[in-house]
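# Overview (structure and organization)
One letter stands for each residue in the lines below.
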Amino acid sequence: CEQGVARRSRDQASGRGLDEAHFRALGGCPSGNGQEQPHGQTMNSLLWTLAAAASAEVVRLGYFGEAQPFQVACARGWFDFSDVEVACLPQASGGFVVSKLDEGDLEVALLGSTPAAFAVARGVDIKHLYVAHEKGSSQGLLVRPEIQSPPDLDGRTFGTPFGSTAHYHMMYIQTLFPDVRFDIIDLNGLNPLDLYDAGTIDGAFVWGGWIDGLVQRNATMLFPAQVLSDWGKPTFNTISARADFAARRPDVLERVAGVIARLDADYLDDASTRWGAGAGGFVADVAAAYGASASPTQAELDTAAAGLSYFSFVSPDTMQGPDYLGGGIAAALKATARFHLETNTVAAVAPAGTVDEDAFYAATTSAQSLADGLASIPASVLDTAGTGVTSIPESADSTCSGTVDLTATTGTLTDGATTSYSNNLACEWRIASGGVVELTFTVFRVWTGDFVEVFDGSTLVAKLHGFDRAWPPLRTTGDMTVKFTTDGVTERAFNYLLTDGWSASYDAEALVCAADHSTCGNGKCDAASGLCTCDAGYGGADCSLATCLGTTTLTGPTGEFRSSPTAPDRDEPYPNSAECHFVADVGTSFGYVSFTVTYDVEPTFDFVSVNSGDVTWARLSGEDTATILVPTTDGKASLVFTSDSRGRRGGFSATYVAKSVTCASNADCGGHGTCDDGGTCVCDTGYGGLACTVPHCLDGAPKVTGESMVMVSQAPGEPVPAAADCTWEFQAAAGRSVRVVVETLDLEPYRSAAK
């Protein structure tokens, strides 16, 4: 629209091609470019609230390392009011932002249209309240000079951060030119400039400082984002909030939307004198948030001013209309999700059970916060001085490293940082004990993507992350091992003393559970081990956590496992990044275990695996009930439940029965096979499992020793199984060969690692 056009900086008319040193001075510019940034700010013995702000609610707002007008409000404290202080945190990528919104690490965040659509399609409950910008010329596909046209992309390799708006456009290019085959690699956590220099990639669809770095290397822009948007695939950034936070604190969203609207309107006003690249102005605040120091140099000011000019900003009045928050944004997000469905990167356009997709997407977007904000926040807010940012942290300083053996009866564990924990840590503590070890967390602020893991020998007791999480105590019989691993994604607050980390105490001579079961909450005391055995779906040493945690082992010939006490239950969804193991230890007198699993897990992202030893017999994903018979290994068979970092459903419940033989009669073969004289089910075409109970092939299958067989992916009329990895193993006699004839093949073609 005419009112929503980008305005080039009055101090920077030269466009791209800025000195790369300017961007290096800004720390590489966009978060997510693989260059390290600090993890957090000053922490005093892991106590995080400032005395002056002890009563204020801290709201965490995520943003990307791109120049944006709203960053002035972060720097000057204009989002803060009464009982609220807003901490602005640079983010690595839209995929990480979705995970953090879903997990609760962030309450509000900028979000690219692609990850926003991806999140909504997968059931992440967020609301979109503002359009931060349209992409304009702020991102595009940069390629080597010899690549002059789309056919020249053939046989090449390009990079882009997966899950981003840039990734969306890269996949769109693939659909525009189906005869041109090229590979795409994920740049999340990587530096495209290094990969380009090494010859690993021939270009990248990126933004910010990466673009300028590639231009310095003589790369040229083949596809600007604006062109692809004009061709029908618009990209933009929303400002989105967790739905529960939006319902609880509409006043915060009103304040955020109103202040940003005043800043955007002022930037679009050619009469404004606030946006020149001089010291002390608004651009200085943008430069600081963009990655420079609190007192940016003139080169950094010039870079920030130019960075602002690359985007198309929308006037607040236009934004409330039908092209944007009045319907256009919802329609664009649904269309983006539809594209992802058609390219098989999501399982559905909307969460399971959605009746009206248009109404569903419309309900995720509202102009109400913006309208209320414009009514309550006067333009004069821009005349207030604000608090300002005097310093930005430069590094994290965790002291843990390697392996530490702890032999004292009691003690404490911590990452050891006096400011905030570091990237790429791999710390381990081994607590020696001849009895019961109990670990209790006193502080826990671990971001999505980082984990604290606890082991009893090689058995997983818990895999933990979360921000301000209260975890139950954890126990082992004998030695306990604690591991802390962090990724390369930096976490820090730009404008607030927000810190992270964890601390725990241990007792290597803890009391065993009470014989009257009083210390086991939702469970029973196992006298042999001195540990609690939790009821199905509960976890923790005291069985107080209403979700699975670590490893649950049952020793009876029958039993029940659950991901949570009421699972599958969408009103009580399972946690993200879960890893729960369920072991049926039925003893060596039984040769098989039959699991009946009722599951409701996010298709192709979350799984319930059925295992025997190191062999996976089935990976269940989606919504269904399956009965799967597997052989035991050393008398054991197991289920493993895993979920990724975003999007959740109801979970699973399972019962198991130990069996001595596969089948005694045809009745044991699921109605889709016959029991042969050797006590083995011979399945009908397309059915899998030792008991022929699954209408498709499974990951594990028995060896074939006969002269021939027919392999079929699924039963007649059934769909191809999602995320399957089926195996048929042949045993040929000495001197004989195996001949395979493919009679029918109708599978989705391989495109690239992007899928």
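Please read these numbers as outputs of a predicted model, since none were measured by experiment.

So, on to the overall build of the protein. Scanning the protein for helices and strands turns up 16 helices and 35 strands. Here the C-alpha atoms of the protein give a radius of gyration of 28 Å, agreeing with the 27 Å that 2.2 N^0.38 yields for 755 residues. Each principal axis of the C-alpha atoms in the protein carries an extent, and together these give about 90 × 65 × 50 Å. A burial count over the protein gives 56% of its 755 residues as buried. Carbon and sulfur atoms form 50% of the exposed surface of the protein, whose accessible area is close to 29900 Å². Seen as two clouds, the 45 positive and the 91 negative side-chain charges of the protein have centres 3 Å apart.

A few words now on empty space enclosed by the protein. Taken as a whole and judged by the stated rule, the model has four cavities of 30 Å³ or more. The calculated volume of the largest cavity comes to roughly 120 Å³. For the largest cavity, the full set of lining residues is Phe-64, Glu-66, Ser-93, Gly-94, Gly-112, Pro-115, Lys-135, Gln-139, Ser-164, Thr-165, Trp-207 and Asn-237. Looking at side-chain class alone, the lining of the largest cavity contains three nonpolar, seven polar and two charged residues.

With 126 residues, the main nonpolar core has Phe-79, Phe-441, Phe-484 and Trp-502 as its most contacted residues. Ranked by residues supplied to this core, first place goes to helix 10 (residues 250–268) with ten residues. Those residues in contact with Phe-484, other than ones at most four positions away along the chain, are Cys-400, Asp-415, Tyr-421, Leu-425, Ala-426, Cys-427, Trp-429, Val-446, Phe-451, Val-452 and Trp-502. Residues Ala-578, Phe-595, Ala-618 and Leu-690 belong to the second largest nonpolar core, which totals 34 residues.

Taken as a whole and assessed by the stated rule, the structure comprises ten disulfides. Bridging Cys-513 to Cys-525, the disulfide has an S-S length of 2.0 Å. The sign of the 75° torsion about the S-S bond sets the Cys-513-Cys-525 disulfide as right-handed. With Cys-513 in the loop between strand 20 (501–510) and strand 21 (523–526) and Cys-525 in strand 21, this pair connects stretches of sequence that are twelve residues apart. Cys-525 shares its class with Cys-513; the two are buried. Through a disulfide, Cys-548 is tied to Cys-580; the S-S separation comes to 2.1 Å.

Turning to the pairing of strand 26 (residues 592–601), a few remarks are in order. The buried fraction of strand 26 amounts to seven of the ten residues, a majority that puts the element mostly inside the structure. Sheet analysis places strand 26 next to strand 29 (residues 622–631), joined by ten bridges and oriented antiparallel. Paired with Val-597 across the two strands is Ala-626, which belongs to strand 29. Relative to strand 31 (residues 651–659), strand 26 runs antiparallel, the two being bridged by nine bridges.

Turning to its location among the elements, Asp-542 is positioned in the loop between strand 22 (531–534) and strand 23 (550–554). Ignoring anything within four residues of it in the chain, the contact list for Asp-542 reads Pro-472, Pro-473, Thr-519, Cys-520, Gly-521 and Asn-522. At a separation of 2.7 Å, a polar atom in the side chain of Asp-542 contacts the side chain of Ser-544.

To continue, consider the pattern of salt bridges. Enumeration over the complete set of coordinates arrives at 29 salt bridges. Here Glu-602 ties to Arg-122 by a salt bridge, and the two come within 2.4 Å at their closest N and O atoms. Here Glu-602 is found in the loop between strand 26 and strand 27 (607–612), whereas its partner Arg-122 is found in the loop between helix 4 (113–121) and strand 4 (126–134), with 480 residues between them in sequence. Both residues of the pair, Glu-602 and Arg-122, count as buried. One salt-bridge network, held together by shared partners, links Glu-57, Asp-83, Arg-248, Arg-249 and Asp-251.

On the surface, Met-709, Met-711, Val-720, Phe-730, Val-738, Val-740, Val-742, Leu-745 and Leu-747 cluster together into a nonpolar patch covering about 830 Å² of accessible area. Structurally, Val-742 is set in the segment after strand 35 (729–730). Classification of Val-742 by relative accessible area gives exposed; the value is 61%.

Looking now at the packing of helix 5 (residues 165–176) against helix 14 (residues 328–342). Helix 14 packs onto helix 5 with a crossing angle of 55° between their chain directions and a minimal axis gap of 11 Å. Here helix 5 is positioned oblique relative to helix 14, judged by the angle of their axes. Considering the relative orientation of helix 5 and helix 14, their crossing is left-handed. Here Tyr-168, Met-171, Tyr-172 and Thr-175 of helix 5 come into contact with helix 14, specifically with Thr-336, Phe-339 and His-340.

Attention now goes to the packing of aromatic side chains. All told, the structure shown has 27 aromatic pairs when counted by the stated rule. Aromatic side chains Trp-78 and Phe-282 sit 5.9 Å apart centroid to centroid with 75° between the ring planes, which places their arrangement in the edge-to-face category. Taken as a pair, Trp-78 in the loop between helix 2 (71–76) and strand 2 (84–91) and Phe-282 in helix 11 (residues 282–290) lie far apart in primary sequence, 204 residues in all. Overall, the relative accessible area of 3% leaves Trp-78 in the buried class. Of the residues examined, Phe-282 reaches a relative accessible area of 4% and is grouped as buried. Ring plane angle 90° and centroid distance 5.2 Å describe the contact between Tyr-267 and Trp-275, whose orientation is recorded as edge-to-face. Overall, the relative accessible area of 1% leaves Tyr-267 in the buried class. For Trp-275, a relative accessible area of 3% gives the class buried. Among the aromatic side chains, those forming a connected cluster through ring pairs are Tyr-421, Trp-429, Phe-441, Phe-444, Trp-471, Phe-484 and Trp-502. The positively charged end of Arg-144 is found above the aromatic ring belonging to Tyr-196, 4.0 Å away from the centroid. Positioned above the aromatic ring of Trp-471, the side-chain terminus of Arg-469 is 4.2 Å from the ring centre.

Think of an α-helix as turning once every 3.6 residues; residues three or four places apart then point the same way. Within helix 11, nine of the nine residues are buried, which leaves it mostly tucked inside the rest of the structure. Residues Phe-282, Val-283, Ala-284, Asp-285, Val-286, Ala-287, Ala-288, Ala-289 and Tyr-290 constitute the buried set of helix 11. Taken from the residues just after helix 11, Gly-291 is the one with a positive phi, measuring 130°.

This part covers the sheet that holds strand 25 (residues 579–585). In space, the five strands of this open sheet follow the order 23-25-30-27-28, with mixed pairing throughout. Two strands close off the open sheet at either side, each with one partner strand: strand 23 and strand 28 (615–620). Mean inter-strand twist for the sheet, computed between neighbouring axes without regard to direction, equals 20°. Pairing of strand 25 with strand 30 (residues 636–642), which is carried by seven bridges, proceeds in the antiparallel orientation. Directly across from Phe-582, in strand 30, lies its bridge partner Leu-639.

Across the sheet, four strands lie side by side as 24-31-26-29; this open sheet has antiparallel pairing. The outermost strands of the open sheet, each flanked by one partner alone, are strand 24 (558–562) and strand 29. Between one strand and the next, the sheet's axes are offset by a mean angle of 15°, whatever the strand orientation.

Thresholds applied
Residues numbered from 1 in each chain as written. Predicted model: local features only at pLDDT ≥ 70, side-chain atom pairs only at ≥ 80, totals over all residues. Heavy atoms only, no water. Helix = DSSP H or I, 4+ residues; strand = E, 2+ residues; numbered from the N terminus. Rg over C-alpha atoms; globule rule 2.2 N^0.38 Å. Buried < 20%, exposed > 50% of the residue type's maximum accessible area, 1.4 Å probe, protein only. Areas by Shrake-Rupley, 256 points an atom, 1.4 Å probe, with all protein chains shown as cover. Lys, Arg positive; Asp, Glu negative; His and termini not counted. Charge placed at Lys NZ, Arg CZ, Asp CG, Glu CD. 1 Å grid on protein atoms, 1.4 Å probe; cavity = no way out; pocket = protein on both sides within 12 Å on 5 of 7 lines; lining within 4 Å. Points joined across faces, edges and corners; volume = space filled by probe spheres on them. Nonpolar A, V, L, I, M, F, W, Y, C, P; charged D, E, K, R; others polar. Core = buried A, V, L, I, M, F, W, Y, C linked by side-chain atoms within 4.5 Å. Contact = heavy atoms within 4.5 Å. Disulfide = S-S within 2.5 Å. Pairing = 2+ DSSP bridges. Polar contact = N/O pair within 3.5 Å; in protein donor to acceptor, adjacent residues only side chain to side chain. Salt bridge = Lys/Arg side-chain N within 4 Å of Asp/Glu carboxyl O. Patch = residues over 30% accessible without salt bridge, like charges linked within 9 Å, V, L, I, M, F, W, Y side chains within 5 Å. Axes fitted to C-alpha atoms, helices over the stretch in contact; angles between N-to-C directions. Parallel < 35°, antiparallel > 145°, perpendicular 65-115°, else oblique. Left-handed = near helix turned anticlockwise from the far one by under 90°. Phe/Tyr/Trp six-rings, centres within 6.5 Å; stacked < 30°, edge-to-face > 60°. Lys NZ or Arg CZ within 6 Å of the ring centre and 35° of its normal.

Nothing here speaks to function; it is all geometry.
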